[in-house]
Amino acid sequence: MKKNSLLEILGTSLKLGLTSFGGPIAHLGYFKNEYIDKRKWLDDKTYADIIALCQFLPGPASSQVGISIGMLRGGLLGGVISWFGFTMPSVLILILFALAFQSFSLGDATFITSLKIVAVAVVLHAVLGMGKTLTPDKPRIAIAVVAMLIMLLFPSAIVQIAIIVGAAIIGYFLFSKNAESKVKTFSISISKTQGIISLSLLVVLLIGLPMLAQLLNNQYVNIFDTFFRVGSIVFGGGHVVLPLLEQEVVPGLLSSSEFLAGYGMAQAVPGPLFTFSSYIGTMTSGLLGGIIATIAMFLPSFLLIIGALPFLSELRKHKSFQGILTGVNASVVGILLAAFYDPVFTSSITNAASFSLAAILFALLYFWKTPAWLIVIIGVVLGEVMHYLFI
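Predicted model, so just to flag it, every value in this text is computed and none were measured.

A. Highlighting the nonpolar core. With 96 residues, the main nonpolar core has Val-65, Leu-245, Phe-259, Tyr-279 and Ile-280 as its most contacted residues. Counting residues per element, this core draws most heavily on helix H12 (residues 276-315), which supplies 17 residues. Apart from the residues within four sequence positions on either side, Leu-245 is in contact with Phe-227, Val-230, Val-250, Phe-259, Phe-276, Ile-280 and Met-297. Counting residues in each nonpolar core, the second largest holds ten residues, with Ile-163, Ile-164, Ala-168 and Val-328 among its members.

B. Fine view of the layout of surface pockets. Taken as a whole, the second largest pocket holds about 290 Å³ of empty space. Around the second largest pocket, the lining comprises 17 residues; the ones closest to its centre are Thr-113, Ile-117, Asn-351, Ala-353 and Ser-354. Looking at the lining of the second largest pocket, the elements with two or more residues in it are helix H5 (110-134), helix H13 (319-348), helix H14 (352-366) and helix H15 (372-390). Broken down by element, the lining of the second largest pocket gets its largest block of residues, five residues, from H5. The class makeup of the residues in the lining of the second largest pocket is six nonpolar, ten polar and one charged.

C. Highlighting the side chain of Ser-176. Along the polypeptide, Ser-176 turns up in the loop between helix H7 (157-175) and helix H8 (192-216). Engagement of the side chain of Ser-176 in a polar contact is seen with the backbone oxygen of Tyr-172, the distance being 2.6 Å. Aside from chain neighbours lying at most four places away, what touches Ser-176 is Gly-171, Lys-319, Ser-320 and Gly-323.

D. Examining the pattern of salt bridges more closely. Scanning the entire structure with this criterion turns up nine salt bridges. Among the ionic pairs, Glu-34 bridges to Lys-38, the shortest N-O distance being 3.9 Å. Of this pair, Glu-34 and Lys-38 both sit in helix H2 (residues 24-38), four residues apart, which is roughly one turn of the helix. Lys-38 gets classed as exposed once you look at its relative accessible area, which sits at 53%. Between Glu-248 and Arg-229 there is a salt bridge, with the nearest N and O atoms lying 2.7 Å from each other. Placement of the pair is Glu-248 in helix H10 (residues 241-249) and Arg-229 in helix H9 (residues 219-233), with a sequence separation of 19 residues. With relative accessibility at 27%, the residue Arg-229 sits in the partly exposed group. A network of salt bridges, in which partner residues are shared, links Glu-8, Lys-15, Glu-34, Lys-38, Arg-39 and Arg-73.

Here is what the cut-offs are and how they apply
- Counting restarts for each chain, with residues numbered from 1 along the sequence as it is written.
- In keeping with the model being predicted, local features are shown solely for residues with a pLDDT of at least 70 and side-chain atom pairs are shown and tallied solely at 80 or more, while totals for entire chains, interfaces and linings include all residues.
- Note that the side-chain values use all heavy atoms of the structure and ignore hydrogens as well as water.
- In this description, a nonpolar core means a group of buried Ala, Val, Leu, Ile, Met, Phe, Trp, Tyr and Cys residues linked to one another through side-chain atoms lying within 4.5 Å.
- Any residue under 20% of the maximum accessible area for its type is buried, any over 50% is exposed, and the rest in between are partly exposed; the area is computed with a 1.4 Å probe on protein chains only.
- The numbering of helices and of strands both runs from the N terminus, where a helix is a DSSP run of H or I of at least 4 residues and a strand a run of E of at least 2.
- Note on definitions: a residue-residue contact is assigned when non-hydrogen atoms from the two residues lie within 4.5 Å.
- Site definitions follow a grid-based scheme: protein atoms alone, a 1 Å grid, a 1.4 Å probe that fits but cannot get out for cavities, and for pockets an open set with protein on both sides within 12 Å along at least five of seven lines, plus lining residues having an atom within 4 Å of a point.
- Grid points are joined across faces, edges and corners, and a volume is the space filled by probe spheres set on the points.
- Polar here means any residue outside two lists: the nonpolar Ala, Val, Leu, Ile, Met, Phe, Trp, Tyr, Cys and Pro, and the charged Asp, Glu, Lys and Arg; Gly therefore counts as polar.
- A 3.5 Å cut-off defines polar contacts: any pair of N or O atoms within that distance qualifies, except that in protein one atom must be a possible hydrogen donor and the other a possible acceptor, and neighbouring residues in sequence count only when both atoms are side-chain atoms.
- Note on definitions: salt bridges are taken to be side-chain nitrogens of Lys or Arg within 4 Å of carboxyl oxygens of Asp or Glu.

This is how it looks when you write it as structure tokens:
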């Protein structure tokens with residue numbers, strides 16, 4: 001029975017991994033349709049609770065929701081299988097794209113420029129969408145604006161962490177009193193002992209990997225250290241990973257053009273945006289580098305889910321915790337705004353033609369609700385047309 005259950009998890013998650021275009025919000029819609037509406041693995045309330053918990057954790061929220069559902073269905077192994085099925089299609093595509101980029105010198109190709117412009121439209125759309133939900137009032141708008149200003153003036157991974165911590169403190173004092181008073185918890189098969197072991201391993205790796213990387217100075221250890229660290233501290237999902245990774249690899253390992261070409265390509269494939277790490281790892285250190293970067297990027301999500309689920313369901317009842325979450329979410333919007341300006345906008349919009357194409361693509365996304373995967377195709381086709389018209 002367990003084997004059949006695991007095979008069912010693999011088949012369902014692989015189907016979602018091949019068809020879930022459109023980013024994390026769209027992924028959650030696909031999950032609800034498949035896991036809740038069709039297969040009845042969870043009820044609506046439990047699904048909503050899992051989403052709320054994963055939104056607070058660093059890492060890719062949609063992937064963490066998928067991992068959580070897999071764990072509820074098939075234990076720890078079920079979580080791994082759920083992640084594998086949902087993630088592997090986009091991992092393979094982005095690794096192959098990186099190898100093709102290097103083999104055929106695609107850096108100057110017109111479609112690469114178009115993919116960078118696609119990224120402008122997609123990130124702006126994400127910022128506006130998150131802003132409506134996470135900054136609905138003046139205090140939260142103020143937090144977002146201050147976060148944006150700090151990130152633009154002092155761009156670094158450490159500053160981003162400081163912003164999130166500061167927003168959490170502000171949220172505690174500012175929003176706790178108005179938090180929801182009645183929040184139901186849900187049961188989870190993972191024990192608190194397993195949770196403590198998982199969180200302890202996360203801390204040991206966060207402390208030990210930088211020291212090991214410095215001691216050995218090995219490119220693969222360095223890759224694992226970099227992507228594990230980024231995967232451990234990114235709040236707000238895939239789009240927020242952009243500034244952290246940009247700080248780590250540009251211009252030392254990749255050019256800005258190479259970086260944004262991969263980010264644009266990541267919009268064209270289904271599955272989580274965190275598989276952008278597969279592209280970067282392959283570009284910097286070959287196929288093995290891509291595999292190592294992928295594992296390192298997602299490993300914190302597993303450790304956090306295992307460590308957090310036994311405790312966070314209880315924490316959600318406390319108003320102070322809800323206030324902290326409110327502040328953090330508002331700061332994420334500001335971090336996204338900063339990332340939209342630099343490097344996305346500044347590296348992609350170089351003339352009137354590129355701005356016009358970005359505006360067209362954004363309008364299709366925002367007003368006509370065109371799917372993200374179709375925006376990629378339209379962007380590449382229009383980019384080719386405009387190249388021949390204005391060259």
